[in-house]
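One letter stands for each residue in the lines below.
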Amino acid sequence: MQNRNHPVRQDPEPRRGRPRSAAAERAILDAVVGLLEAGEPLAGLSIERIARTAGVGKATIYRRWSGKEELFVDVLRAIEPPEPAVSGTAGLDDLRMLLESMRGRGLAQRSSALLHNVYAQMKSHPMLWSEYHCTVIEPRRAAVLAAVRRAVDAGELRADLDVELMNDLFLAPMLARTVHRPEAPLPEDLADRIIQALTEGLAPRPAPGG
């Protein structure tokens, strides 16, 4: 059973017309999670059903979310591990935290039947997957890219290589183990090992005295 004390998304500048009640928003998120835990498929959840379960009117939902896709993305973000609080000024240290966050999400998906089920269903709904990709995946990738650029500026990474390529090289091993190889181990030091392997290089070291 998931923790129902979901964080309510805080917007720096809330859009006009959104409800001011944090309790109403939490009730809506909890209603969706409860329905999913009860076995309701994403495709079968209507705004009417969600509103009835949450004890609010449909207008309350539509004032906060433009539709089901946007609502479901917020639900998923509420039950995923929280985003890491990176410094925004460090390079490799921030990169390490972001990779560790990816590892944590991979572990959470393996251990949570609800998360696993929602991810699987989401990928069969193009509009929902597109919304999640634009509002969650792309910002996460951009955060890693920004950390790589800071590492280059700080002299921690080579400045003569394509930054986008380096970004992909750091992300690919973690994505392979968390997404493409769900049976692969996710040890606690995986982020450090990825960074070490890429910064030290993969070529064999000269033999002593060679």
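It should be emphasised that the depicted structure is a prediction, and the values quoted were computed from it without experimental measurement. (Residues numbered from 1 in each chain as written. Predicted model: local features only at pLDDT ≥ 70, side-chain atom pairs only at ≥ 80, totals over all residues. Heavy atoms only, no water.)

## Digging into the packing of helix α1 (residues 22–37) against helix α2 (residues 47–54)
At a minimum axis separation of 8 Å, α1 and α2 run at an interaxial angle of 110°. When the axis of α1 is compared with that of α2, the two are roughly perpendicular. Between α1 and α2 the crossing geometry is right-handed. Contacts from A27, I28, A31, V32 and L35 of α1 reach α2 at R49, I50, T53 and A54. (Axes fitted to C-alpha atoms, helices over the stretch in contact; angles between N-to-C directions. Helix = DSSP H or I, 4+ residues; strand = E, 2+ residues; numbered from the N terminus. Parallel < 35°, antiparallel > 145°, perpendicular 65-115°, else oblique. Left-handed = near helix turned anticlockwise from the far one by under 90°. Contact = heavy atoms within 4.5 Å.)

## A few points about the packing of aromatic side chains
As enumerated under the stated definition, the model contains 2 aromatic pairs in all. Relative to Y132, the ring of Y119 has its centre 6.2 Å away and its plane inclined at 75°; by these criteria the two rings are edge-to-face. A residue pair is termed long-range when its members are at least 10 positions apart, and Y119 in helix α6 (residues 113–122) and Y132 in helix α7 (residues 126–153) qualify at 13 residues. Exposure class is identical for Y119 and Y132. Each is buried. (Phe/Tyr/Trp six-rings, centres within 6.5 Å; stacked < 30°, edge-to-face > 60°. Buried < 20%, exposed > 50% of the residue type's maximum accessible area, 1.4 Å probe, protein only.)

## Here we look at the confidence of the model for the protein chain
On average, residues of the protein chain carry a pLDDT of 88, and 90% of them reach 70 or more. Here residues 1–19 scores under 50 on pLDDT; set against residues more than four positions off or in separate chains, the count is 39 contacts. (pLDDT = per-residue confidence, 0-100.)

## A closer look at the side chain of E80
Within the fold, E80 resides in the loop between α4 (68–79) and α5 (92–111). Taking the relative accessible area as the measure of exposure, E80 reaches 6% and is therefore buried. Among the polar contacts made by the side chain of E80, one reaches the side chain of Y132 at a distance of 2.6 Å. For E80, the contacting residues outside a window of four places in its chain are R105, L115, Y119, Y132 and R140. (Polar contact = N/O pair within 3.5 Å; in protein donor to acceptor, adjacent residues only side chain to side chain.)

## Comments concerning α2
For α2, the complete set of buried residues consists of I47, I50, A51 and A54. Along the axis of α2, the buried positions cluster into a sector of 95°, meaning they face one direction only. The secondary structure elements touched by the buried residues of α2 are α1, α3 (58–64) and α4. (Arc of directions from axis to C-beta.)

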